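Each chain, letter by letter, is given below.
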Amino acid sequence: MTTNSRSRLLCIIMLVADVILSACPVCGQVYYVDANSTGYGDGTTPEITGEHAAWKEISEISGLQPGNTVLFRRGNSWRQSLKIEVSGEPGNPITFDAYGEGKKPLIDLSQLQEPELADWRDGCCICVGSSTSNVDYIRLSNFRLKGSGYHAALGIWDGTNTLTGNDANGFTIEVNDVDVLQSYNANNGDISSDGFSMAGKAQAVFYNITATKCRVGDWLPGRTYLAGERVYYENIGYVCVETHISTNYFEPDKWTSAGYAESNQCLTLHTSCKAKVYRARFSDCCNAIVNTAGTYCEVYEMCVRGAHKGAVLPSTPTDEFYPVSYTHLRAHETSLHLVCRLLLE
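Residues numbered from 1 in each chain as written. Predicted model: local features only at pLDDT ≥ 70, side-chain atom pairs only at ≥ 80, totals over all residues. Heavy atoms only, no water.

**Student:** Just give me the short version of the overall build of the chain, but keep the residues and values in it.
**Tutor:** Tallying secondary structure elements over the chain gives 2 helices and 22 strands in all. By residue count, 50% of the 345 residues in the chain fall in the buried class. Looking at the chain alone, contacts between residues at least 24 apart form 63% of all its contacts between residues at least 6 apart. When the accessible area of the chain is evaluated, it comes to approximately 15900 Å², of which 51% is carbon and sulfur surface. (Helix = DSSP H or I, 4+ residues; strand = E, 2+ residues; numbered from the N terminus. Buried < 20%, exposed > 50% of the residue type's maximum accessible area, 1.4 Å probe, protein only. Contact = heavy atoms within 4.5 Å. Areas by Shrake-Rupley, 256 points an atom, 1.4 Å probe, with all protein chains shown as cover.)

**Student:** I'd like to hear about the packing of aromatic side chains, residue by residue, with values.
**Tutor:** Applying the stated rule across the entire model yields 7 aromatic pairs. With a centroid separation of 5.4 Å and an interplanar angle of 85°, the aromatic rings of Phe72 and Trp78 are classed as edge-to-face. Judged by centre distance (5.8 Å) and plane angle (70°), the rings of Phe196 and Phe206 are edge-to-face. You can see Phe196 sitting in strand E11 (residues 196-200) and its partner Phe206 sitting in strand E12 (residues 203-214), a full 10 residues away along the chain. Put simply, the rings of Phe72, Trp78 and Phe143 touch in pairs and so form one group of aromatic residues. Positioned over the ring face of Tyr296 is Lys274, at 5.8 Å from the centre of the ring. Geometry around Phe171 places Lys276 over its ring, the cationic atom sitting 4.6 Å from the centre. (Phe/Tyr/Trp six-rings, centres within 6.5 Å; stacked < 30°, edge-to-face > 60°. Lys NZ or Arg CZ within 6 Å of the ring centre and 35° of its normal.)

**Student:** Tell me what's going on with the confidence of the model for the chain, and back it up with residues and numbers.
**Tutor:** Looking at the chain as a whole, its pLDDT mean stands at 77, while 67% of the residues score no less than 70. Note that residues 313-319 has pLDDT below 50 and, in this model, 20 contacts with residues that lie over four places away or in other chains. Contacts of residues 324-345 to residues separated by more than four positions or lying in other chains number 60 contacts, the stretch itself having pLDDT below 50. (pLDDT = per-residue confidence, 0-100.)

**Student:** Tell me about unusual backbone geometry, and name the residues and values.
**Tutor:** Positive phi, normally seen in glycine, also occurs at Asn142, with a value near 65°. Tracing the backbone through its elements, the reader meets Asn142 in strand E8 (residues 138-147). Phi angles above zero are rare outside glycine, and Lys213 is one such case at about 55°. A relative accessible area of 31% means that Lys213 is categorised as partly exposed.

**Student:** Describe the pattern of salt bridges, listing the residues and the values that go with them.
**Tutor:** Scanning the entire structure with this criterion turns up 2 salt bridges. Note that Lys104 is salt-bridged to Asp179, the shortest N-O span being 2.8 Å. With a gap of 75 residues between them, Lys104 in the loop between strand E5 (94-99) and strand E6 (106-108) and Asp179 in strand E10 (residues 173-183) connect regions that are remote in the sequence. The class of Lys104 is buried, set by a relative accessible area of 17%. Given a relative accessible area of 16%, Asp179 falls into the buried group. (Salt bridge = Lys/Arg side-chain N within 4 Å of Asp/Glu carboxyl O.)

**Student:** How would you summarise the nonpolar core if you had to cite specific residues and measurements?
**Tutor:** The biggest cluster of nonpolar side chains holds 54 residues, and the ones touching the most others in it are Phe96 and Phe206. No other element matches the 7 residues that strand E19 (residues 274-291) contributes to this core. Leave out the neighbours within four places in its chain, and Phe96 touches Leu64, Val70, Phe72, Leu82, Ile84, Ile138, Arg139, Leu140, Ser141 and Phe143. The next biggest cluster of nonpolar side chains, apart from the first, holds 5 residues, and it includes Trp219, Val231, Tyr233 and Phe250. (Core = buried A, V, L, I, M, F, W, Y, C linked by side-chain atoms within 4.5 Å.)

**Student:** I'd like to hear about the side chain of Asn68, residue by residue, with values.
**Tutor:** Counting through the fold element by element, Asn68 comes out in the loop between strand E1 (30-33) and strand E2 (69-73). A distance of 2.8 Å separates a polar atom in the side chain of Asn68 from the backbone nitrogen of Gln65. (Polar contact = N/O pair within 3.5 Å; in protein donor to acceptor, adjacent residues only side chain to side chain.)

**Student:** Outline the pairing of E11, supporting the account with residue identities and numerical values.
**Tutor:** Across the 5 residues of E11, 5 count as buried, placing the element largely inside the fold. Where strand E9 (residues 154-158) meets E11, 5 bridges bridge the pair, whose relative direction is parallel. For Leu154, the partnering residue across the bridge sits in E11 and is Phe196. Two elements, E11 and strand E18 (residues 265-269), share 3 bridges in a ladder whose sense is parallel. Bridge pairing in E18 places Met198 opposite Leu269. (Pairing = 2+ DSSP bridges.)

In structure tokens form, the structure reads like this:
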């Protein structure tokens, strides 16, 4: 290639790049969130001071477009819900991930009280879409979550297509290396303690996820309990309050044996949603995975420990549950509960 040819080729490349950048000036933009930041920057650098300093709070995240990436500093924690309401595009997703060194960033709602929840989505550590909207082409990676006990630690909803009757856009939500450390609140009576929850026509793929303590809270001495609340007490197991009680010691005559509430699973699928799960580790829960009518789930590798009622419980015979990778799975240990354990453990 001659020098002139190289020059012309370089000019063409530069012209194409200029057209692309001018058409979408913020595509590929990376934003940073650091709890140590002063909170006065535009989030475009990992610096903690200055006009381009990292965002300090989750509530500062705004103006996202397809191709953007939001990075949360490792070792930090937040007490705010991450509500994702903007979609990416095919080949140009919006990505939420971690940077720096240390433990994965933590979103901790475990101490929230119901009066703090102005919106039901405030009870989710991470909320993708809503009951009246849908969000597509999102990647979530490297988070630790402590749920509120009011809603799932990570919720994915596709309400728009459910309301209109349209089909979803495919498996456009990707969840990687997300750990639910607990999904209950020791200060409330257990409303919804799911780890991961999907509803509507949402479709998601999960890679290497873990969830534990998706259940009611432990009994706390001196706490006031109301009739109907559920609690876990040492070796007795899960019990239900018969009458209003406030005591420093456990009184067996004021409790009755009880199972879980409706939502105490590591992964729950509602309505018409679909999921593919590649490698999951679930423990200390009611059920590992529960499907409601019309849902679809494929599981490729799963290790379950301490599932009190069963590892997998499809709600009706019409639910579709497929343990695909028999290389790593044993299945159908009973007719009602599909128990899958990772043989490599």
